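Analysis of the macromolecular model
What follows is each chain in one-letter form.
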Amino acid sequence: MKAHQANRFASILLWIGAIAILALLVAFLTLILGRGLPYLTAEFFSGSDGVRGQLFNSFYILFLSLIFSLPIGLGAGIYMAEYAPQNRFTDLIRLSTESLASVPSIVFGLFGMIVFVNMFGLGFTILGGSATLALLNLPILVRVTEESLRAVPRSYREASLALGATMWQTLRKVILPTALPGLITGITLVAGRALGETAILIFTAGMNVSRILFDVNPLAAGETLAVHLFAVKSNPLPGTNSDQIADGTAALLILMVIVFNICLSLPSRWLQYRLQGKHRG
Amino acid sequence: MDKIVVKELDLFYGEQQALNSISIAMKERSVTALIGPSGCGKSTFLRTLNRMQDLTPGVKIIGQVKIDGQDIYAADTDVVLLRKKVGMVFQHPNPFPKSVFENVAYGPRIHGETDKKKLSEIVETSLKDAALWNEVKDRLHESALGLSGGQQQRLCIARLLAVGPEILLMDEPTSALDPISTMKIEELIAELKDKYTIIIVTHNMHQASRVSDRTAFFLSGDLIEEDITSVLFTRPAKKKTEDYISGRFG
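About the criteria used
Residues numbered from 1 in each chain as written. Chains lettered and ligands numbered in written order. Predicted model: local features only at pLDDT ≥ 70, side-chain atom pairs only at ≥ 80, totals over all residues. UniProt positions renumbered as here; feature names shortened; annotations may be inferred. Helix = DSSP H or I, 4+ residues; strand = E, 2+ residues; numbered from the N terminus. Buried ≥ 20, exposed ≤ 12 C-beta atoms within 10 Å, placed from the backbone. Contact = placed C-beta atoms within 7 Å. Rg over C-alpha atoms; globule rule 2.2 N^0.38 Å. Pairing = 2+ DSSP bridges. Nonpolar A, V, L, I, M, F, W, Y, C, P; charged D, E, K, R; others polar. pLDDT = per-residue confidence, 0-100. Core = buried A, V, L, I, M, F, W, Y, C linked by C-beta atoms within 7 Å. Axes fitted to C-alpha atoms, helices over the stretch in contact; angles between N-to-C directions. Parallel < 35°, antiparallel > 145°, perpendicular 65-115°, else oblique. Left-handed = near helix turned anticlockwise from the far one by under 90°. Right-handed = clockwise from strand over helix to strand, strands pointing away.

By the naming in an unreviewed UniProt entry, chain B is Phosphate transport system ATP-binding protein, taken from Desulfosporosinus hippei DSM 8344.

You'll find chain A entered in an unreviewed UniProt entry as Phosphate transport system permease protein PstA, with Desulfosporosinus hippei DSM 8344 given as the organism. According to the UniProt record, the Subcellular location (unreviewed entry) comment for chain A reads "Cell membrane".

Written out as structure tokens, the structure is:
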């Protein structure tokens, strides 16, 4: 009887936890979107202090940082999961990536400022911002890649190798496709962080927006939406309605992340469905 | 003619010796069953024949394994070609999370076949040879993971036949299957032995006597006895074999 009661008690607790999370999310979204959505007009984007430049910069920096971090992060993760022997050296690499993953982002920001802004003398640039963001995301990418590849059953590797496939063929045609949903989750995670990252970009990409619209010059300064939100709130320009801009920007940021996640996760769901077949959940 | 000749094969996992000086020959187009209690080395031995054992870290192999007169542990052996010739079916069905068609086409594709028509032909022939065609011909493009366990195992056999092997290694291929699926696999083995040299590891002595021409009995890393199946089961030469097949241990 006691076990039964404990079971019920535990179920109720877990339910409460789940509902609390959902309630928090709903409250959060209602508040932010409710306050911000009314300001999201055409004027908000393309007016005299419109945020279309910042919106563009957010995605441009995200894109560049992924270009820098994906090849290295995926490569290192694949190496760690498939090729690396188990020894002190790989333990050390694993420990390093874990430590890097827990470094506060502002430390990365200051590091980026010292290296890109001062040492290389670039000043505040989109390039420096993206590269520093890539540094922030690298350890997570390595970690997620390694975990996703390790989750692929050993029996798939054996089957492929026993058919005379090389390690590279096995990796490309069996392991990576099977691990893809996990990899996409990881990329969504780091992309979300990149879209929302502020501390790093304040020190590396700066708080100015190019006068040219959609300036793809990587050596220009590039304020992103998240940095804009910080700038507007912390140091309101006289004569502008900073509260409205901030509310609108916050809502826009949230919408952006939601849309971005959906765009990445739908293909992943579809792929998983195709891989696993209709008969499995 | 002897297809496989093994001479004084020792295998070590680190310091521990798992196979002691195994010598055995297997004839072309015959079925050899390897029996013995768990941990006797029968699966370990099987995996030396296509060098899958190489994938286990810390394994050391001494001795000679000749297939068609070629030493497969010689330095100039191409492991890819070896594994193409010596295919393997595993204990648990392990189809890829791809469609039925893609599973069978996988092998030919990695070995360079790109012609769509040719691939379709190979897939159809292989599935027919594995006695699976009639059950899956209408769902070739559905995921292989939706098939039953027995169908999955026959799909794995079809996938293997598609690369054109000469030797089939089967590592307890029916231990995860129900009796009807087991029967179908056994019937399939009887058909396949007209074309292939088959070596099957099984813990089921009835299965060994049903499907094999010759049987080898392994015990703690030693090959105790190897003979014509009916002889080994009725008049074993060694006391240990007799004890095992009469159920006195194991």
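Let us keep going from here.
**Quick look at the overall build of chain A**
Looking only at helices and strands, chain A has 11 helices and 0 strands in total. Helices and strands appear in chain A in the N-to-C order α-α-α-α-α-α-α-α-α-α-α. In terms of overall dimensions, chain A has a C-alpha envelope of 70 × 60 × 35 Å along the principal axes. Counting only residues that meet the buried cut, chain A has 37% of its 281 residues in that class. In chain A, once contacts between residues fewer than 6 apart in sequence are set aside, the share between residues at least 24 apart is 78%.

**Concerning the overall build of chain B**
A tally of helices and strands in chain B yields 10 helices and 10 strands. For chain B, the C-alpha radius of gyration of 18 Å lies close to 18 Å, the compact-globule estimate for 250 residues. Taken along its principal axes, the extent of the C-alpha atoms in chain B is 55 × 45 × 35 Å. Sorting the 250 residues of chain B into buried and exposed places 46% on the buried side. The long-range share in chain B, meaning contacts at least 24 apart out of those at least 6 apart in sequence, stands at 67%.

**Some points on the UniProt feature "domain: ABC transporter" (unreviewed entry) in chain B**
Within the UniProt annotation, "domain: ABC transporter" (unreviewed entry) is assigned to residues 4-245 of chain B. Between the C-alpha atoms that bound residues 4-245 of chain B there is a distance of 26 Å. The span itself is 37% helix and 27% strand.

**Quick word on the sheet that holds strand 4 (residues 59-67) of chain B**
Residue and element names in this part refer to chain B. In space, the 4 strands of this open sheet follow the order 2-1-4-5, with antiparallel pairing throughout. Either end of the sheet is taken by a strand with one partner, and the two such strands are strand 2 (16-27) and strand 5 (70-71). In the sheet, strand 1 (residues 2-13) pairs with strand 2 via 8 bridges, with the strands oriented antiparallel. Across the sheet, D2 pairs through a bridge with K27, a residue of strand 2.

**Considerations on the interface of chain A and chain B**
If you look at the interface, chain A gives 20 residues, while chain B gives 25 residues. Of all the secondary structure elements, the ones that give two or more residues to the side of chain A that touches chain B are helix 7 (154-162), helix 8 (167-196) and helix 11 (242-276) of chain A. At 6 residues, the largest contribution of residues to the side of chain A that touches chain B is made by helix 7 of chain A. Its residues assigned to classes, the side of chain A that touches chain B shows 8 nonpolar, 8 polar and 4 charged.

**Quick look at the confidence of the model for chain B**
The predicted model of chain B averages 93 in pLDDT, with 100% of residues at 70 or higher. The complex model carries a pTM of 0.83, and its ipTM stands at 0.91.

**Regarding the nonpolar core**
Membership of the largest hydrophobic core comes to 132 residues, with the highest contact counts inside it found for L34, A158, L168, L169, I198 and I200 of chain B. It is helix 6 (residues 126-150) of chain A that contributes the most residues to this core, 13 residues altogether.

**A look at the packing of helix 4 (residues 88-101) of chain A against helix 6 of chain A**
All names here are of chain A. Close contact between helix 4 and helix 6 brings their axes to 8 Å; oriented N to C, the two are set at 130 degrees. When the interaxial angle is binned, helix 4 and helix 6 end up oblique. Judged by the sense of rotation from one axis to the other, the crossing of helix 4 with helix 6 is left-handed. For the pair formed by helix 4 and helix 6, the contact residues are T97, L100 and A101 on the first element and P139, I140, V142 and R143 on the second. Residues that form the contact of helix 4 with helix 6 fall into these classes: 5 nonpolar, 1 polar and 1 charged.

**Examining the packing of helix 7 of chain A against helix 8 of chain A**
Residue and element names in this part refer to chain A. Closest axis-to-axis distance for the helix 7/helix 8 pair is 10 Å, and the angle between their directions is 160 degrees. Considering the angle they form, helix 7 stands roughly antiparallel to helix 8. Two packed elements cross with a definite hand, and for helix 7 against helix 8 that hand is right-handed. Contact with helix 7, carried on its side by Y156, R157, S160 and L161, involves T170, V174, I175 and T178 of helix 8 and no other residues of that element. In terms of residue class, the contact of helix 7 with helix 8 is built from 4 nonpolar, 3 polar and 1 charged.

**Focus: unusual backbone geometry**
Residue and element names in this part refer to chain B. Not every positive phi belongs to a glycine, and D68 is a case in point at roughly 50 degrees. By secondary structure assignment, the location of D68 is in the loop between strand 4 and strand 5. Even without a glycine there, the phi angle at A131 is positive, about 55 degrees. Turning to its location among the elements, A131 is positioned in the loop between helix 4 (116-129) and helix 5 (133-136). According to the C-beta neighbour criterion, A131 is partly exposed, with 17 such atoms within 10 Å.

**Examining helix 3 (residues 100-110) of chain B**
Within helix 3 of chain B, 9 of the 11 residues are buried, which leaves the element mostly enclosed by the surrounding structure. Every buried residue belonging to helix 3 of chain B is among V100, E102, N103, V104, A105, Y106, G107, P108 and I110 of chain B, and all of these are buried. The inward-facing, buried residues of helix 3 of chain B abut helix 8 of chain A together with helix 4, helix 5 and helix 6 (149-161) of chain B. G112 of chain B sits one or two positions beyond helix 3 of chain B and adopts a positive phi of about 105 degrees.

**Section: the pairing of strand 7 (residues 167-171) of chain B**
Residue and element names in this part refer to chain B. For strand 7, the buried fraction is high: 5 of the 5 residues fall into the buried class. By the alternation rule, side chains of strand 7 split into I167, L169 and D171 and L168 and M170, which are all buried. Here strand 6 (residues 86-89) runs beside strand 7; their pairing, made up of 4 bridges, is parallel. Bridged to V86 within strand 7 is I167. Taken together, strand 7, helix 7 (residues 179-192) and strand 8 (residues 197-201) constitute a β-α-β crossover, and its handedness is right-handed.

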